[in-house]
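A closer look at the structure
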Amino acid sequence: MRGMSSLVIACALACAGPVLAADTDADTLKAFIGKLHLQSGTVTVPEAHATLKLAPDFRYVGAHDAQNVLENLWGNPPDSDVLGMILPEGEKSLTEENTWAVVLTYSDDGYVSDEEASKTDYVKMLKEMQEGTRDSNEARKKAGYDAVDLIGWAAAPRYDQAANKLYWAKELKFGDNAEHTLNYDIRVLGRNGYLSMNAISGMAQLPKVEAGMKQVLTMTEFDPGNRYADFNKSTDKLAAYGIAALVGGTLAAKAGLFGKLLVILLAAKKFVLLGLVAVGAAVKGLFKKKSA
């Protein structure tokens, strides 16, 4: 299995340019957001056989709108795997600085065993992940890109065995950027796979994001018949990996910060006055090529 850090290079080389320019006027931005269908209350995610029971301040946009935001507002490449986005502050999550959003995807790789949850040494895992990240930086430099450093856990991995939910956060440093990046992850385990929920922000936002993601944890459940407890070992598919691999980010396109380019790009979401700096432009600060 490929390590988390080996995916950094691929993400860096794939960065797209901005879609909306920094001088996007307020009316254009308002019109764009006005076309989105922001949902509240109880929301179904049929592709994952899951349901969200949103807290009052939270909103949700489905697959079409989420992909539209990521591609046409924030400048990400197309990704049909995105099922939706949770917006903790409603429209503000799309337009204001220091806000954040949660990107949802689903893996149907099968039932992920949690037998190793209590046995996993996350201190050792972190050291291995840091080594892998450092090892990949040489190749990044040869490709003309800045280094990425995995600083450590912003929140150590925890598994709620009763709810079958795993969550953790990483602190990363991109190049010479003074502000470190926070990557907060949730995995909700189900009968046939898991729901992945990823949030990105600056480390200064950790208290806000951590509090919000704890709310997201309680809002998310698989539908009856698709829950972890519904697994039938005689008929259902068993995933080829265990719960530790979800944290280690070794599932290539399925897990961790570097599994999805869009999650990396989301880290650079910035807004200046009423104009938008698209993620594709701002990401140059994270993945910029070194000057000749």
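The structure displayed is predicted, hence computed values, not measured ones.

Before going further, it helps to examine the packing of aromatic side chains. In the structure shown here, the tally under the stated rule is three aromatic pairs. With a centroid separation of 4.4 Å and an interplanar angle of 20 degrees, the aromatic rings of Tyr111 and Tyr228 are classed as stacked. Here Tyr111 is found in strand 6 (residues 111-113), whereas its partner Tyr228 is found in the loop between strand 11 (220-222) and strand 12 (238-242), with 117 residues between them in sequence. Take Tyr111 and Tyr228: they sit in the same class, and that class is buried. Here the aromatic cluster, defined as three or more aromatic residues joined through ring pairs, consists of Tyr111, Tyr228 and Phe231.

This part is about the environment of Val209. Structurally, the position occupied by Val209 is in helix 6 (residues 206-219). Here Val209 falls in the buried class, since its relative accessible area comes to 1%. Between the C-alpha atom of Val209 and that of Trp100, which follows or precedes it by 109 residues, the distance is 7.6 Å. If sequence neighbours within four positions are ignored, Val209 has contacts with Trp100, Leu182, Tyr184, Ala199 and Ser201.

What follows covers the sheet that holds strand 10 (residues 194-202). Pairing within the open sheet is antiparallel, and its seven strands lie in the order 3-4-5-10-9-8-7. Both edges of this open sheet fall to strand 3 (59-62) and strand 7 (148-160), since each of them pairs with a single strand only. Between one strand and the next, the sheet's axes are offset by a mean angle of 20 degrees, whatever the strand orientation. Bridging between strand 3 and strand 4 (residues 84-87) involves four bridges; their strand directions are antiparallel. Each residue of the ladder has a partner; that of Tyr60, found in strand 4, is Ile86.

Take helix 5 (residues 122-142) next. Taking 1.5 Å as the rise per residue, helix 5 with 21 residues should run 30 Å; its terminal C-alpha atoms sit 31 Å apart, in good agreement. Positive phi appears at Gly144, one or two residues downstream of helix 5, with a value of about 95 degrees.

Attention now moves to the sheet that holds strand 11. Read from one edge of the open sheet, three strands run 1-2-11, paired in antiparallel fashion. Two strands lie at the open edges of the sheet, namely strand 1 (42-45) and strand 11, each paired on one side alone. Going across the sheet, the axis of each strand differs from the next one's by a mean of 25 degrees, ignoring polarity. Helix 6 rests against strand 2 (50-53) and strand 11 of the sheet, and its axis sits at about 30 degrees to strand 11.

A word on a negative patch on the surface. Judged by side-chain charge, Asp121, Glu128, Glu131 and Asp135 come together as a negatively charged surface patch. Looking at the secondary structure, you find Asp135 in helix 5. Looking at Asp135, the relative accessible area reads 62%, which means it is exposed.

The rules behind the values
Per chain, the residues get numbers from 1 upward, laid out in the order the sequence is written. Per-residue local features of the predicted model are confined to residues with pLDDT of at least 70, and side-chain atom pairs are confined, for both listing and counting, to 80 or more; whole-chain, interface and lining totals are unaffected and use all residues. For side-chain calculations, the full set of non-hydrogen atoms in the structure is used, while hydrogens and water are omitted. Pairing of aromatic rings covers Phe, Tyr and Trp, the last through its six-membered ring, and needs centres within 6.5 Å; plane angles under 30 degrees mean stacked, over 60 mean edge-to-face, and all others mean tilted. Each helix is a run of H or I in the DSSP string that is no shorter than four residues. Each strand is a run of E no shorter than two, and both are numbered from the N terminus. A 1.4 Å probe rolled over the protein chains alone gives each residue an accessible area, and that area as a share of the maximum for its type sets the label: buried under 20%, exposed over 50%, partly exposed in between. Contacts: residue pairs with any heavy atoms within 4.5 Å of one another. Note on pairing: DSSP must find at least two bridges between two strands before they are called paired. Note on method: axes are straight lines fitted to C-alpha atoms, helices fitted across the in-contact stretch only, with angles between N-to-C directions ranging 0 to 180 degrees. In this analysis, the expected span of each helix is defined as 1.5 Å times one less than the number of residues it contains. What goes into a patch is any residue over 30% in relative accessible area without a salt bridge, connected to like charges within 9 Å or, for nonpolar side chains (Val, Leu, Ile, Met, Phe, Trp, Tyr), within 5 Å. Note on areas: these come from Shrake-Rupley sampling with a 1.4 Å probe, and a residue is covered only by the protein chains present in the view. Salt bridge, as used here, is a side-chain nitrogen of Lys or Arg placed within 4 Å of a carboxyl oxygen of Asp or Glu. When charges are counted, Lys and Arg are positive and Asp and Glu negative, with His and the chain ends excluded. The atoms used to mark charge sites are NZ of Lys, CZ of Arg, CG of Asp and CD of Glu.

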